[in-house]
Amino acid sequence: MKKKILKDVKIICEPPQRRWGGFNGLEDEAIFYEKWVKEFEEFIRDHRSQDPVYLNVEREYKECCEFCEEEWETSDDSCPLCCQKAVDEFETNRRPTPTHLRGDNN
Ligand SMILES: [Zn+2]
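Participant: Could you give me a rundown of the pattern of salt bridges, with the residues and numbers involved?
Facilitator: By the definition in use, this model includes 8 salt bridges. When the shortest N-O distance is used, the salt bridge between R45 and E42 registers 2.6 Å. With R45 and E42 both in helix α2 (residues 26–45), this residue pair falls 3 residues apart, about one helical turn. The class of R45 is partly exposed, set by a relative accessible area of 43%. Taking the relative accessible area as the measure of exposure, E42 reaches 41% and is therefore partly exposed.

See below:
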């Protein structure tokens, strides 16, 4: 049976811009926050009774298909499950390169 264990503890900080939005994609948003946390660290350091606080922006990635952008899942033999393009690519790469087309001279 599955059980839930505490793996890690993180502190989440939400700058106001998080709610305002207006970013040109997630990467743009991440870059903005990386700059913002540095400025916020400086701001906190100016409050002399406060020990330094270090803030980090953590990007969370997932593996997805380059063609259909669905989450990357494969069958037991590593064949992708999401779309035909991914399956075609897998089949192409699985086929061994014919000997006369190989670059090596072994
Ligand atoms: Zn796909």
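Participant: How would you sum up the side chain of E41? Please name residues and give values.
Facilitator: Tracing the chain through its elements places E41 in helix α2. Take E41: its relative accessible area is 13%, and that puts it in the buried class. Contact partners of E41, with chain neighbours within four places excluded, come to V53, Y54 and L55.

Participant: Got a sec to walk through the environment of R48? Specific residues and values, please.
Facilitator: Mapped onto the elements, R48 comes out in the loop between α2 and α3 (84–94). Looking at R48, the relative accessible area reads 70%, which means it is exposed. Separated by 46 residues in sequence, R48 and R94 have C-alpha atoms that sit 62 Å apart.

Rules and cut-offs
- Residues numbered from 1 in each chain as written.
- Predicted model: local features only at pLDDT ≥ 70, side-chain atom pairs only at ≥ 80, totals over all residues.
- Heavy atoms only, no water.
- Salt bridge = Lys/Arg side-chain N within 4 Å of Asp/Glu carboxyl O.
- Helix = DSSP H or I, 4+ residues; strand = E, 2+ residues; numbered from the N terminus.
- Buried < 20%, exposed > 50% of the residue type's maximum accessible area, 1.4 Å probe, protein only.
- Contact = heavy atoms within 4.5 Å.

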